[in-house]
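If you want the building blocks of each chain, they are given just below.
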Amino acid sequence: MKKRCLALCLAGCLALSGCNSMLVREFVSVEPHKENITAAEDPSTLQAQNYQELLSAILYLVTQHVESGVIRLSNYPGDVSADLTAACLEAVQEDPLGAYSVDYIKHDVNRILSYYEARLTLSYQRTAEEVGKIVSVTGSGAIKDELRETLSRFATDTTLRISYFAEDESYIHHLVALAYYSVPQAAFGLPDVTMSLYPESGIQRIVELKLTYPLEEEELLQKQEALMARVEELLPKGMPATAREVYDLLVEQVELTREDGFSTAYAALMEGKADAQGLALAYQLLCDQAGLPCTVVLGNEESQQKFWNIVTTDQGSRHVDCSQPDRFGLTDRQLFELGGYVWDNSYPLCRDGREMQISS
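Residues numbered from 1 in each chain as written. Predicted model: local features only at pLDDT ≥ 70, side-chain atom pairs only at ≥ 80, totals over all residues. Heavy atoms only, no water.

Caption draft 1: Highlighting the sheet that holds strand 13 (residues 294-301). Taken in spatial order, the four strands line up as 13-14-15-16 in an open sheet, and their pairing is antiparallel. With partners counted over all chains shown, the strands left at the sheet margins are strand 13 and strand 16 (328-330), one partner each. Averaged over neighbouring strand pairs, the angle between their axes works out to 40° when direction is ignored. Pairing between strand 14 (residues 304-313) and strand 15 (residues 316-320): five bridges, direction antiparallel. Following the sheet pairing, Ile-310 is matched in strand 15 by His-319. The strands that helix 11 (residues 276-290) touches are strand 13, strand 14, strand 15 and strand 16; relative to strand 14, the one it contacts most, it runs at about 15°. (Pairing = 2+ DSSP bridges. Helix = DSSP H or I, 4+ residues; strand = E, 2+ residues; numbered from the N terminus. Axes fitted to C-alpha atoms, helices over the stretch in contact; angles between N-to-C directions. Contact = heavy atoms within 4.5 Å.)

Okay, here's the thing in structure tokens:
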């Protein structure tokens, strides 16, 4: 299995075309057929009468993570030996779970009166516990939710079984970045990601991610605790606050800087200065505290990354850029007319119309 180790690159993550939706297409899925899969007189023996049932029986053994199994083939129309070899290869090379968990399958077949009996020995490269941790997801939203949960806990790995997968590795990296910017309380530096796909092609895949954070877990947890205590100090939970009040609070507290190392909400709220990225993360964190739906926008300007926010209230969604004076409460058109802002359509629409004061 080909593996690639890629450091997350924001420039790659900020590709703004074709990344905002998963394509839903018709597909043929091979799943273990459990109805009547065992022989009536011997529940430990599986049965099959054609190639598809043979493949389903093998995949059933894989899903059960057993090391051996027997398949009885009766009234079989094809070449039993050739089909058994082909089905074992397909199970190991093309099925996501087989490609992820199985090392190899050995088999032999014997003719017994009116039927054939195939005996299989399965060797695994993953434990049953590892297989049990696989999370099944469908669609970009579900993938991002699982990645968000992983990053919020500073977990070092996650394994996803993705259906309707029509994208490539760069798309998963993009979703990792989006998930990272959606958990500002845990955003202390983008982790490096090692990604493996099982199989390497297909619309159903298992994606294994290994994450390496810039700091040790203990230090990350300490910074998170200190940051959230500061947020509570600035904006006690339950205290009413409008989006404008949160904006004013932040710009009064934080000095804008272009120095390296100030790209987190921690830098903004604990050290008193931050760049545009740090301000955007801090604004979202404070909005989260105030119960205001908010997101960090990953945009660009002439191939340079650019960060700001979109906040949503009952009165609609509007752009907020805490790194620029008086860039609060702007519609899409108003922001576009200012120049220098480019973003994709995966973010909430800030519809054109008269300027409105956003409040909770």
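Caption draft 2: Representation of the pattern of salt bridges. Going through the model one piece at a time under the given rule, you end up with eight salt bridges. Note that Glu-149 and Arg-153 form a salt bridge whose closest N and O atoms lie 3.1 Å from each other. A relative accessible area of 44% means that Arg-153 is categorised as partly exposed. Ionic pairing is found between Glu-259 and Lys-273, a salt bridge with its closest N-O pair at 2.9 Å. (Salt bridge = Lys/Arg side-chain N within 4 Å of Asp/Glu carboxyl O. Buried < 20%, exposed > 50% of the residue type's maximum accessible area, 1.4 Å probe, protein only.)

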